[in-house]
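What follows is the residue order along each chain.
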Amino acid sequence: MKNSAKSTIKCVITLSLISVICVAVLALGNAFIPKYKPTLDAATAELINGIVYTGVGAETALEDGYFEMLQIDDKKLEEFNKANRVNSDNKLLAVYKVVKGADAGCFVTETQAKAYNDAVIILTAFDKSGNVKNLAVKSHSDDLLDGSIFKEEMMAKLVEYAKTVKTFDTASLNAATGATTKGSTLGVANALNIAVKAAEQIAANGGEKL
């Protein structure tokens with residue numbers, strides 16, 4: 001019995017040590033994984049150029065300064081996200097101004113929300129009054145199963161629906177697009193909701209600040 005008790009205690013101690021080591025390794029690994037930082041790079045410019053009208057190619061638009069990244073104070077951004085998010089994964093990441101071309105004065109929000117597998121990041125274009133013009137998914141990691149809102153035909157319907165409403169939820173998005181997913185659609189809804197809230201403030205400030 002004594003040997004059995006000692007063996008049990010050793011097993012418990014060993015498992016506890018393994019757990020502590022695993023947590024430490026994960027924490028250390030996360031510390032060295034670079035956090036996503038939005039930038040006005042070629043890939044972002046190409047997506048923006050696809051949802052606003054400039055009359056030029058994405059490379060020219062980027063090189064000739066058709067787009068500018070709105071400078072937002074970190075504290076201001078944090079306060080906005082805390083006041084308008086549904087959870088810590090739901091946030092406004094960046095705002096881009098269109099300063100040249102037919103859509104000059106419009107702006108594009110970059111927002112994030114938790115989808116089924118991981119975060120979905122959406123670029124939403126707004127006119128000067130803060131109305132949705134167009135949108136594009138910048139990234140997501142959900143599977144493109146039948147009924148996924150990320151399928152091309154669903155996204156086309158989503159764009160048209162987003163122009164008509166100011167708030168989004170899973171049921172209304174699935175009904176409007178024909179999608180049948182829950183986690184993916186919820187992520188899109190939350191990303192769009194915080195984008196609309198940001199757009200209202202930006203439009204009220206003349207498109208110049210959050």
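Note that the structure is a prediction, hence the values are computed from the model and not measured. (Residues numbered from 1 in each chain as written. Predicted model: local features only at pLDDT ≥ 70, side-chain atom pairs only at ≥ 80, totals over all residues. Heavy atoms only, no water.)

When we look at burial in helix α5 (residues 152-162), the residues that qualify are M154, M155, L158, V159, Y161 and A162. Looking straight down α5, one finds that the buried residues subtend no more than 165 degrees of arc, so they occupy a single side. Packing partners of the buried residues in α5 comprise β5 (132-139), α6 (170-177) and α7 (183-204). (Buried < 20%, exposed > 50% of the residue type's maximum accessible area, 1.4 Å probe, protein only. Helix = DSSP H or I, 4+ residues; strand = E, 2+ residues; numbered from the N terminus. Arc of directions from axis to C-beta. Contact = heavy atoms within 4.5 Å.)

Before going further, it helps to examine the pattern of salt bridges. The final tally for this structure, using the stated rule, is six salt bridges. As a salt-bridge pair, K97 and E68 come within 3.6 Å of each other at their nearest N and O atoms. Of this pair, K97 sits in strand β2 (residues 91-98) while E68 sits in strand β1 (residues 67-69), placing them 29 residues apart in sequence. The exposure class assigned to E68 is partly exposed, which follows from its relative accessible area of 37%. Where K133 meets D103, a salt bridge forms, and the shortest distance between an N and an O atom there is 3.6 Å. Remark: D103 occurs in the loop between β2 and β3 (107-114) and K133 occurs in strand β5; sequence separation between them is 30 residues. Here K133 falls in the partly exposed class, since its relative accessible area comes to 26%. The buried category is assigned to D103, whose relative accessible area is 12%. Within this structure, E68, K97 and E208 form a network of salt bridges that share partners. (Salt bridge = Lys/Arg side-chain N within 4 Å of Asp/Glu carboxyl O.)

Turning next to the packing of aromatic side chains. Taken as a whole and assessed by the stated rule, the structure comprises two aromatic pairs. For the pair F107 and F126, a centre-to-centre distance of 5.7 Å together with 20 degrees between the ring planes defines the contact as stacked. With a gap of 19 residues between them, F107 in strand β3 and F126 in strand β4 (residues 119-126) connect regions that are remote in the sequence. Assigned by exposure class, F107 and F126 land together as buried. With a centroid separation of 6.4 Å and an interplanar angle of 75 degrees, the aromatic rings of Y161 and F168 are classed as edge-to-face. Note on F168: relative accessible area 6%, which makes it buried. (Phe/Tyr/Trp six-rings, centres within 6.5 Å; stacked < 30°, edge-to-face > 60°.)

Once that is clear, we can look at the pairing of β3. Where burial is concerned, most of β3 is hidden: seven out of the eight residues are buried. Strand direction decides the pairing type here: β2 and β3, joined by six bridges, are antiparallel. By the bridge assignment, K91 is partnered in β3 with Q112. Alignment of β3 against β4, held across eight bridges, turns out to be antiparallel. Within the sheet, the bridge partner assigned to T109 lies in β4 and is T124. (Pairing = 2+ DSSP bridges.)

It is worth spelling out the side chain of T177 at this point. Along the polypeptide, T177 turns up in helix α6. In terms of polar contacts, T177 uses its side chain to reach the backbone amide nitrogen of A179, at 3.2 Å. Contacts of T177, omitting those with residues within four sequence positions, involve I149, M154, K157 and L158. (Polar contact = N/O pair within 3.5 Å; in protein donor to acceptor, adjacent residues only side chain to side chain.)

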